[in-house]
Amino acid sequence: MKKEGTAKEITDENLRQFVGYNMKRAFLNVRADLADTLEPLGLRMTSFSALAVIIENPDISQSRLAEALHIERSGVVVLVDELESADLISRGRVAGDRRQHALRVTPEGAAKWQEAETAVNAHEAAMFSKLTEAEVSVLKELLRRVRRPEA
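Rules behind the numbers
- Residues numbered from 1 in each chain as written.
- Predicted model: local features only at pLDDT ≥ 70, side-chain atom pairs only at ≥ 80, totals over all residues.
- Heavy atoms only, no water.
- Axes fitted to C-alpha atoms, helices over the stretch in contact; angles between N-to-C directions.
- Helix = DSSP H or I, 4+ residues; strand = E, 2+ residues; numbered from the N terminus.
- Left-handed = near helix turned anticlockwise from the far one by under 90°.
- Contact = heavy atoms within 4.5 Å.
- Nonpolar A, V, L, I, M, F, W, Y, C, P; charged D, E, K, R; others polar.
- 1 Å grid on protein atoms, 1.4 Å probe; cavity = no way out; pocket = protein on both sides within 12 Å on 5 of 7 lines; lining within 4 Å.
- Points joined across faces, edges and corners; volume = space filled by probe spheres on them.
- Buried < 20%, exposed > 50% of the residue type's maximum accessible area, 1.4 Å probe, protein only.
- Arc of directions from axis to C-beta.

A. Looking closely at the packing of helix 2 (residues 19-38) against helix 6 (residues 107-127). Running from N to C, helix 2 and helix 6 cross one another at 145°; their axes reach a closest spacing of 10 Å. As for the relative orientation of helix 2 and helix 6, their crossing is right-handed in sense. Across the interface between the two elements, Asn29, Val30, Asp33, Leu34, Thr37 and Leu38 from helix 2 touch Ala116, Ala119, Val120, His123 and Met127 from helix 6. Class assignment of the residues belonging to the contact of helix 2 with helix 6 gives a composition of 7 nonpolar, 3 polar and 1 charged.

Structure below.
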């Protein structure tokens, strides 16, 4: 009869040698905590990101927003509908092109952004509290340089 003991701890050191794997593990932790931060505000990571891009780029088209967020145009329609239903953005017509919509933040959207930005700054301060300010700065710069190799 086999005795029940504690299971051997599962390790992932073979994968930890890869930068991409470490980035993935870090992102999963950041994403989970960010979701918990944004949920009480009625936002998700994608709606928060879309709101940020729209605020920074008033009158951006839906197709340009999809491009900026690296999502399918069909997905951006649902996202824009969600933000518009929450009265965070408005859709206006683009002169000369009846098919395009110019996206703009509403006063409610600007207030929601301020609230979310404050909450996300606190989230990041907690998530990266074991890093110095200089290390966080270097990390941001290094991550900005990571690109897919040219084909």
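B. Region of interest: the layout of surface pockets. Of the pockets and cavities examined, the largest pocket occupies roughly 1700 Å³. Listed by contribution, the elements that provide at least two residues to the lining of the largest pocket are helix 2, helix 3 (45-56), helix 4 (62-69), helix 6 and helix 7 (133-145). Split by residue class, the lining of the largest pocket holds 20 nonpolar, 7 polar and 4 charged. Every residue lining the second largest pocket is listed: Gln62, Ser63, Arg73, Val76, Val77, Arg99, Gln100 and His101. At the level of secondary structure, the elements contributing two or more residues to the lining of the second largest pocket comprise helix 4, helix 5 (73-85) and strand 3 (97-105).

C. Structural detail: helix 4. For helix 4, the set of buried residues is Gln62, Leu65, Ala66 and Leu69. Mapping the buried residues of helix 4 onto a view down its axis gives an arc of 100°, with all of them on the same face. Across from the buried face of helix 4, at angles greater than 90 degrees, the exposed residues are Arg64 and Glu67. Just downstream of helix 4 lies His70, where phi reads positive at about 55°.

Any functional reading would require information beyond the geometric quantities listed.
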